[in-house]
Amino acid sequence: MTTVAPHCDPCKTNDDEREAVSWCSVCQECLCEDCDNTHRKLGITKNHKPLPIEEYLKLPASILTHEIFCSKHMKNKAEFFCTTHGTTHCHICYRDVHNHCKQVLRMDDASRGLKSSPVISSATDKIKEVTDCIDKLIENRVKNIIDLDEKRDKLENDIKKLRLDMENHLDTIENNLLSQLNEAYSYHRDAIKTQEIEFSETKEKLSNMLHETEQKKEISPETQMFLQLQSVHEMLLQTDRYLQGLKDKVKFIKLDLIIEKNARSFSEFIKQIGQIKVIASTMDIFNLDRKPVRAYTLVSRSSIEKQKSGGVSPRTGKLKVMSTPERSRTVYPPPPPPPAPKKLSAEQQYQNDIIMSETSSFALVEDLLCSDEDELNDV
């Protein structure tokens, strides 16, 4: 952006430094108030629209820089345009690389009449179209991030709920297993305790019988001893039958846990309870009519025709044939610098502009007309 207030360019030719009030983008000149008024009234420049100097000072340097330099030889100006390769280059590149190309034009000839052609409006329309597409992409990305945030929160809750459901299910399985354990424990413990009591009562009866028999042996007559032995014999028979009946009833009870096969290898059998799936769907915002634009469509047809006919050719000078033992080749000498433009009067310049506007037709316009004609034929 320019920061120093410029002076009037036309007045500088008379060594008169007047402060500029406007800038003409067509003439590339800063104008003072008097020159600005004349500029707006003169027939050849009355359609120009000078910018106020305040707006000119805000323009970036990329817009104010009009000189084009060679991409390979940075210090040399790009004087030529090769329609074969679609590149700009200096006279050295032309001499060394592009001297055999069929259509090499001077930059002035290649760009003449470009502003009045539909190429610029077509390019700006395409830029707007692509910009709209990028706006949709940005909007889509913002919505996608919001959707991802919401989906992540939802899936996180779903995963926690799944874990809770699994924990509840495991709690149910645990409670059922503990219930089975307590039921089996209580049943068999009560049964064993009952048998213990029965055995204790039988033992007590036998102990009493033994004690009574020993006492009667000491003090009772033999008749009573005979009856006592009869009672002992019957009691022993009953006890023996009782013990024989307990053979299949008295067992040593143990409790054990039989773990299911899948449950035993639970950590190995269940590696994961789910998987996050990424779903990528295509969008319909890329349906752009990307018609390729070739470089020669930016060059006026009249310039190309002059190049073919030899009317305007950068190959000036005599040809020299260099002979070597290996091969012969044609070498073009470097072109002379372009002649200084002849200063025309206002009327001559006006007539020249009219002629150029009539003769400058563009290949791109022809392509558009052909495409329109094809569409009409289809209809």
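Worth saying up front: this structure is predicted, and the values here are computed from it rather than measured. Numbering of residues starts from 1 in every chain and runs along the sequence as written. The predicted nature of this model means local features are confined to residues of pLDDT at least 70 and side-chain atom pairs, given and counted, to a pLDDT of 80 or more, with totals for whole chains, interfaces and linings taken over all residues. Side-chain metrics rest on all non-hydrogen atoms present in the structure, leaving aside hydrogens and water.

Caption draft 1: Highlighting the nonpolar core. By size, the foremost hydrophobic cluster in this structure holds 6 residues: A20, W23, C30, I53, Y56 and L59. F80, C82, Y94 and V104 belong to the second-largest nonpolar core, a separate cluster that totals 5 residues. We call a set of buried residues a nonpolar core when its members are Ala, Val, Leu, Ile, Met, Phe, Trp, Tyr or Cys and they connect through side-chain atoms within 4.5 Å of each other. Only protein chains enter the accessibility calculation, which uses a 1.4 Å probe; a residue whose area is less than 20% of its type maximum is buried, one above 50% is exposed, and one in between is partly exposed.

Caption draft 2: Structural detail: unusual backbone geometry. Located in the positive-phi region is D15, a residue other than glycine, with phi close to 55°. Of note, Q28 is a non-glycine position whose phi angle comes to about 60°, a positive value. Put simply, DSSP marks the helices as runs of H or I at least four residues long and the strands as runs of E at least two long, and each gets a number from the N terminus on. Looking at the secondary structure, you find Q28 in the loop between β1 (22-24) and β2 (29-31). A relative accessible area of 32% means that Q28 is categorised as partly exposed.

Caption draft 3: Molecular detail of a nonpolar patch on the surface. On the surface, L178, L181, Y185, I192, I253 and L255 cluster together into a nonpolar patch covering about 520 Å² of accessible area. Mapped onto the fold, Y185 is located in helix α7 (residues 119-219). On the accessibility criterion, Y185 (44% relative accessible area) is partly exposed. Without a salt bridge and with relative accessible area above 30%, a residue can belong to a patch; like charges are then joined within 9 Å and nonpolar side chains (Val, Leu, Ile, Met, Phe, Trp, Tyr) within 5 Å. Note on areas: these come from Shrake-Rupley sampling with a 1.4 Å probe, and a residue is covered only by the protein chains present in the view. We count a salt bridge whenever a side-chain nitrogen from Lys or Arg sits within 4 Å of a carboxyl oxygen from Asp or Glu.

Caption draft 4: How the structure looks around the environment of E17. Its location among the elements puts E17 in the loop between α1 (9-12) and β1. Taking the C-alpha atoms as reference points, E17 and H7, 10 residues apart in sequence, are found 5.8 Å from one another.

Caption draft 5: Examining α7 more closely. Helix span, as expected, comes to 1.5 Å for every residue beyond the first. Between the first and last C-alpha of α7 there are 146 Å, a value that for 101 residues agrees with the 150 Å anticipated at 1.5 Å per step. Buried within α7 are the following residues: V119, C133, Q195, M209 and T213.

Caption draft 6: View of the sheet that holds strand β4 (residues 80-82). When DSSP finds at least two bridges between two strands, those strands are taken to pair. The sheet built from 3 strands is open, its strands ordered β5-β4-β6 with antiparallel pairing. What marks the edges here is a single partner per strand, and that holds for β5 (87-89) and β6 (104-106). With strand direction ignored, the average angle separating the axes of adjacent strands in the sheet is 30°. As judged from the 3 bridges shared by β4 and β5, these two strands associate in the antiparallel manner. The residue of β5 that forms the bridge with F80 is H89. Whenever a helix is involved, its axis is fitted only over the stretch in contact; in every case the axis is a line through C-alpha atoms, and angles between N-to-C directions fall within 0 to 180 degrees.

Caption draft 7: Summary view of the UniProt feature "coiled-coil region" (unreviewed entry) in the protein chain. Under the UniProt annotation, the feature "coiled-coil region" (unreviewed entry) is placed at residues 138-172. Structurally, residues 138-172 comprises 100% helix and 0% strand, and the distance from its first C-alpha atom to its last is 51 Å. UniProt positions are given in the numbering used here, feature names are shortened, and annotations may be inferred rather than shown by experiment.

Caption draft 8: View of the sheet that holds strand β3 (residues 51-52). If you walk across this open sheet you meet the 3 strands as β2-β1-β3, and the pairing is antiparallel. Two strands lie at the open edges of the sheet, namely β2 and β3, each paired on one side alone. Relative to β2, β1 runs antiparallel, the two being bridged by 3 bridges. Residue pairing for β2: W23 is matched across the bridge by C30. The strands that helix α2 (residues 33-41) touches are β1 and β2; relative to β2, the one it contacts most, it runs at about 110°. Contact criterion: two residues are considered in contact whenever any of their non-hydrogen atoms come within 4.5 Å of each other.

Caption draft 9: Local environment of the state of the cysteines. Only a pair of cysteine sulfur atoms within 2.5 Å counts as a disulfide in this structure description. Under the definition given, this model contains 0 disulfides. Sulfur of C24: no disulfide; nearest cysteine sulfur belongs to C27 and is 3.8 Å away. Residue class for C24 comes out buried when judged on its relative accessible area of 0%.

Caption draft 10: Representation of the environment of R189 within the structure. As for its placement among the helices and strands, R189 is situated in helix α7. Residue classification places R189 among the partly exposed positions, given a relative accessible area of 46%. Spatially, the C-alpha atoms of R189 and I253 are 8.8 Å apart, while their sequence positions differ by 64 residues.

Caption draft 11: Looking closely at the packing of α7 against helix α8 (residues 222-245). It is the contact of α7 with α8, at a shortest axis distance of 10 Å, that shows an interaxial angle of 160°. Taken as axis vectors, α7 and α8 run roughly antiparallel relative to one another. The interaxial crossing formed by α7 with α8 has left-handed handedness. In contact with E198, F199, T202, K205, L206, M209, E212, T213, K216 and K217 of α7, α8 contributes M225, Q228, S231, V232, M235, L236, T239 and Y242. Throughout this entry, Asp, Glu, Lys and Arg are counted as charged residues, while Ala, Val, Leu, Ile, Met, Phe, Trp, Tyr, Cys and Pro are counted as nonpolar. The remaining residues, Gly among them, count as polar. Partitioning the contact of α7 with α8 into residue classes produces 8 nonpolar, 5 polar and 5 charged. Here roughly perpendicular refers to angles of 65 to 115 degrees, roughly parallel to angles under 35, roughly antiparallel to angles over 145, and oblique to all remaining angles. Handedness of a crossing follows from how the near helix is turned relative to the far one, being left-handed for an anticlockwise turn of less than a right angle and right-handed for a clockwise one.

Caption draft 12: Spotlight on the pattern of salt bridges. Summed over all chains, the structure comprises 15 salt bridges. R18 is the salt-bridge partner of D34, the closest N and O atoms lying 2.7 Å from each other. With a gap of 16 residues between them, D34 in helix α2 and R18 in the loop between α1 and β1 connect regions that are remote in the sequence. Note on D34: relative accessible area 46%, which makes it partly exposed.

Caption draft 13: Highlighting the packing of aromatic side chains. Pairing of aromatic side chains requires ring centres within 6.5 Å, counting the rings of Phe and Tyr and the six-membered ring of Trp. Pairs whose planes differ by under 30 degrees are stacked, by over 60 edge-to-face, and all others tilted. Under the criterion given, the structure shown has 3 aromatic pairs. Between W23 and Y56, the ring centres sit 4.9 Å apart and the planes meet at 35°, which makes this aromatic pair tilted. Note that W23 is positioned in strand β1 and Y56 in helix α3 (residues 53-58), a separation of 33 residues in sequence. On the basis of relative accessible area, W23 is assigned to the buried category, the value being 7%. Pairing F199 with Y242 gives two aromatic rings, centres 6.2 Å apart and planes at 75°, and the pair type is edge-to-face. A residue pair is termed long-range when its members are at least 10 positions apart, and F199 in helix α7 and Y242 in helix α8 qualify at 43 residues. Judged by its relative accessible area of 26%, Y242 falls in the partly exposed class.

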